[in-house]
Amino acid sequence: MPVPVEKQIQELREKLRYHSYQYYVLDDPHVPDAEYDRLYNQLLALEKENPHLVTADSPTQRVGSTPLVAFEQIQHQMPMLSLDNVFNEDDLQAFNQRVKDRLKTDEEIEFTAEPKLDGLAVSLRYEHGELIYAATRGDGSTGENVTQNVRTMQSVPLRLLGSDYPDVLEVRGEVFMPKAGFERLNRQAREKGGKEFANPRNAAAGSLRQLDPEVTAARPLGIYCYSTGVVEGAVLADTHYQILHRLRDFGLPVCKEIKRLHGVSACLEYYQEISSRRDDLPYDIDGIVYKVNSIDLQKRLGFVARAPRWAIAHKFPAQEEISRIIDIDFQVGRTGAVTPVARLEPVFVGGVTVSNATLHNMDEIRRKDIRIGDQVIVRRAGDVIPEVVRVLPGSRKKALAEIKMLTKCPVCDSAIEQIEGEAIARCTGGLYCRAQRAEAIKHFASRKAMDIDGLGDKLVEQLVEEDLVHTPADLYQLSIETLASLERMAEKSASKLVAALERSKQPSLSRFIFALGIREVGETTAMNLANEFKTLSAIQHADYDQLIEVQDIGPIVAQHIVNFFQQQHNLEVIEQLLSAGVQVVDVKQEATAQSNNFFYGKTVVITGTLPTMSRGEAKEKLLASGAKVTGSVSAKTDYLLAGDKAGSKLAKAEKLGVEVIDEATMLKRLVNSN
Ligand code: I6G
């Protein structure tokens, strides 16, 4: 008996809903995209043949055809609240105390914590499992009807999964644009000469408030649900944490970073942990939201004005602020690159006071049309160098002069050249230029290169300025007396520095190659070179054809390496370093014991904060002993090296039965196997 078409359609819809849920909500697709497309096309064909069977909640019915003239208003049946903010630990402690006082308890409160996404809030209303409308927050009482647009978002279910959902379910969430999607959208706009969005939040808001749903459909939008509004016909759960899990089971996307925490200290640790990963998260966040977990306690706490007493947003310091350009200088880097730098009216941004910001290069200055006197938006995100993002629109009140590139190096007066088609202008002075010398030495001494403790940037500049050091090799000739005679240096710090120089004398081959500062040779390329050629001499003598065979080395980098080792003065510096007692540890020597090494050939993932070393240092040790270090846990992972606050990788490793080790175990196994 042939399966009735109604049943076929229903089964296809259920399959598609299930696969969307796996993909968008659980991040765990069960079928390749092509299979999803095949099912989708089957459904589309059946619906075309049977138009009377098309329903609004079918996965094929996401994009309606008629653009709107204006958005209609929607009155929220239950107001969309706002959150109070705190910006520091003291105010968070005060919030915690207020909660305890109101509840008349001395016991630690159980909170939930989740990142506060930087997007725009919406309310989704489901009736009997079907999406009825979606509205923006608006003023909290009345928002705009953006149903047509929200329906185009693949991660929003048009019908809830299962059957035990409440008759009426209003869900509140944040619509956002993932960072990668934002970059892609702006790149496309640039290529077409169109207008770029200033940040992912504006892009999300602009995309959701499109009158033509076809435009929204083409925009990469996501949503995370964070609470409920009206719920009729069922009680979801007793705690906020469980409610979010119920929402996830209904097929609604919920942020995976949500945690239950006891007491305010755990909240602060969570804040630090997320803050340290902020730049690596795929979406922008502007803080952490803590909520009292028990719904019963939430009810007892109630609201003040329009904000709940049981929740608080702990905001990160703003990453963008307004300042004014007082002047523009040109800085010369290690490879001679001349970079325009804006001198700014000091501004507190990203948690520090910033008075300089990079302008990258002249193309960027022209593209952003930046001039001295302009009011600008300054951005400092994490450890990234502060930059001028753009001129504040409409802020230029009078004509200002255009910025021109210098023709002579501001430090050594050599000519500045700019190769046709390259954005970067360069000082041609080479190591004759003090600036290039100082930067080369700073790089040589840096943590990921020779790791010379106590040789900070200021001290390097002083040493170069006073002609005590011309090349990295001169560092190893410095005596305690010479160093101690410098301004701001005492006998004790001088002898500490000499000891650090001594300790730095046995670098691994990859560190040494990285420290030389060859153009475009970063840490990874240096590691690849070391693994391929094994000895310093082999790298020095490698020709272009051999170099280009190495992983990740293209024609430009290969040519830079060849050029570097053809320069007589570079060979002299290497010679002087070796004569001063630097002994480069060739990969050959390390490799002899490799196959006996415990971690040889094993795949290791590192996560969390390790007690005595950075993840980079642990990675280096593991790589040196022949391990493969990868970024994500899978069935192929042999060990998870986990530190404090290990998070989702730890959970995944436990689920997959991957052995979890701590730093001490790793060190023991490294030692025992050598
Ligand atoms: O604006 C918000 C962002 C995130 C919120 C919120 C949230 O929880 C993670 N929660 C509530 C209760 C409200 N606004 C009102």
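Residues numbered from 1 in each chain as written. Predicted model: local features only at pLDDT ≥ 70, side-chain atom pairs only at ≥ 80, totals over all residues. Heavy atoms only, no water.

Participant: Sorry, what's going on with the overall build of the protein here?
Facilitator: In terms of regular secondary structure, the protein is built from 26 helices and 24 strands. Projecting the C-alpha coordinates of the protein onto the three principal axes gives extents of approximately 85 × 70 × 65 Å. Looking at the 674 residues of the protein, the share that counts as buried comes to 47%. Put simply, 66% of the contacts in the protein that link residues at least 6 apart link residues at least 24 apart. Total accessible area on the protein is roughly 34000 Å²; 49% of this is exposed by carbon and sulfur atoms. Averaging the positions of the 82 positive and the 95 negative side-chain charges in the protein gives two centres separated by 3 Å. (Helix = DSSP H or I, 4+ residues; strand = E, 2+ residues; numbered from the N terminus. Buried < 20%, exposed > 50% of the residue type's maximum accessible area, 1.4 Å probe, protein only. Contact = heavy atoms within 4.5 Å. Areas by Shrake-Rupley, 256 points an atom, 1.4 Å probe, with all protein chains shown as cover. Lys, Arg positive; Asp, Glu negative; His and termini not counted. Charge placed at Lys NZ, Arg CZ, Asp CG, Glu CD.)

Participant: Explanation requested: the side chain of H19 in the structure shown.
Facilitator: Mapped onto the elements of the fold, H19 is located in helix α1 (residues 5-25). For H19, a relative accessible area of 13% translates into the label buried. Among residues more than four places away in sequence, those in contact with H19 are H30, V31, Y36 and L39.

Participant: When you look at the site of the ligand in this model, what are you seeing that I'm missing?
Facilitator: All residues adjacent to the ligand are L81, L83, E114, Y226, V289 and K291. In this structure, a nitrogen atom belonging to the ligand sits 2.9 Å away from a side-chain N or O atom of K291. For the ligand, the protein covers 91% of the area, taking 370 Å² as the surface of the free molecule. For the shell around the ligand, the per-class residue count stands at four nonpolar, no polar and two charged. (Near = heavy atom within 4 Å. Polar contact = N/O pair within 3.5 Å; in protein donor to acceptor, adjacent residues only side chain to side chain. Nonpolar A, V, L, I, M, F, W, Y, C, P; charged D, E, K, R; others polar.)

Participant: Hey, could you run me through the confidence of the model for the protein in this one?
Facilitator: Low-pLDDT portions of the prediction should not be read for the details of their coordinates. When the pLDDT values of the protein are averaged, the result is 91; 98% of them are 70 or greater. Mean pLDDT across the elements of the protein ranges from a minimum in helix α23 (residues 587-591), with 58, to a maximum in strand β7 (residues 168-176), with 98. (pLDDT = per-residue confidence, 0-100.)

Participant: Sorry, what's going on with the packing of α1 against helix α2 (residues 33-49) here?
Facilitator: A pair of packed helices is characterised by two quantities: the angle between their axes and the separation of those axes. Contact geometry of α1 with α2 gives a least axis separation of 10 Å together with a crossing angle of 150 degrees. Here α1 is positioned roughly antiparallel relative to α2, judged by the angle of their axes. The element α1 and its partner α2 pack so that their crossing is left-handed. Contacts between α1 and α2 involve V5, Q8, I9, L12, R13, K15, L16, H19, S20 and Y23 on the former and, on the latter, D33, Y36, L39, Y40, Q42, L43, L46 and E47. (Axes fitted to C-alpha atoms, helices over the stretch in contact; angles between N-to-C directions. Parallel < 35°, antiparallel > 145°, perpendicular 65-115°, else oblique. Left-handed = near helix turned anticlockwise from the far one by under 90°.)

Participant: Where do I start with the nonpolar core in this structure?
Facilitator: Within the largest apolar cluster, 55 residues are counted, with the highest numbers of intra-cluster contacts made by I452, L475, Y476 and I513. Top element by residues in this core is helix α21 (residues 555-566). It accounts for six residues. Sequence-distant contacts of L475, that is, excluding residues within four places in its chain, are made with I441, F444, I452, L455, L463, V469 and L501. Counting residues in each nonpolar core, the second largest holds 37 residues, with Y126, M153, V156 and A237 among its members. (Core = buried A, V, L, I, M, F, W, Y, C linked by side-chain atoms within 4.5 Å.)

Participant: Hey, could you run me through unusual backbone geometry in this one?
Facilitator: Negative phi characterises most residues that are not glycine, and trans characterises most peptide bonds. Phi is positive for H360, close to 70 degrees, though the residue is something other than glycine. In this model, K645 sits at a positive phi of 50 degrees, which is unusual for a non-glycine residue.

Participant: What should I look at first to understand helix α18 (residues 523-533) in this one?
Facilitator: What sets the pattern is the α-helix's 3.6 residues per turn: residues three or four places apart point alike. Residues T525, A526, N528, L529, A530 and F533 constitute the buried set of α18. Taken from the residues just after α18, K534 is the one with a positive phi, measuring 70 degrees.

Participant: Even after reading the chapter, I still don't get the packing of aromatic side chains, so can you show me in this structure?
Facilitator: For any pair of aromatic rings, the description consists of the separation of the ring centres together with the inter-plane angle of the planes. Applying the stated criterion across every chain yields a total of 14 aromatic pairs. Aromatic side chains F598 and F599 sit 5.0 Å apart centroid to centroid with 80 degrees between the ring planes, which places their arrangement in the edge-to-face category. Judged by its relative accessible area of 31%, F598 falls in the partly exposed class. A relative accessible area of 0% means that F599 is categorised as buried. Judged by centre distance (5.7 Å) and plane angle (40 degrees), the ring pair of F598 and Y639 falls under tilted. Here F598, found in the loop between α23 and β21 (603-607), pairs with Y639, found in strand β23 (residues 639-642); they are 41 residues apart in sequence, far enough to count as distant. Here the aromatic residues F176, Y224 and Y283 are joined through ring pairs into a cluster of three or more. (Phe/Tyr/Trp six-rings, centres within 6.5 Å; stacked < 30°, edge-to-face > 60°.)

Participant: Any chance you could explain the sheet that holds strand β24 (residues 659-661) here in plain terms?
Facilitator: Backbone-to-backbone hydrogen bonds join strands into a sheet, with any given pair of strands oriented parallel or antiparallel. Pairing in this open sheet of four strands is parallel, and the strands run β22-β21-β23-β24 from one edge to the other. The open sheet has two edge strands with one neighbour each: β22 (628-630) and β24. Each adjacent strand pair in this sheet contributes to an overall mean axis angle of 30 degrees, direction not counted. Here β21 pairs with β23 via four bridges, running parallel. Following the sheet pairing, V604 is matched in β23 by Y639. Each of β21, β23 and β24 touches helix α25 (residues 648-656); the most contacted strand, β23, lies at about 145 degrees to it. (Pairing = 2+ DSSP bridges.)

Participant: Can you walk me through the pattern of salt bridges in this structure?
Facilitator: Close approach of charged atoms lets side chains of opposite charge pair. Taken as a whole and assessed by the stated rule, the structure comprises 34 salt bridges. A salt bridge links R366 to D363; its shortest N-O distance comes to 3.1 Å. Linking R366 with D363, this pair stays in helix α11 (residues 362-368), spanning three residues, or about one helical turn. With relative accessibility at 54%, the residue R366 sits in the exposed group. Salt bridges linked by common partners bring R190, E196, E364, R367 and K368 together as one network. (Salt bridge = Lys/Arg side-chain N within 4 Å of Asp/Glu carboxyl O.)

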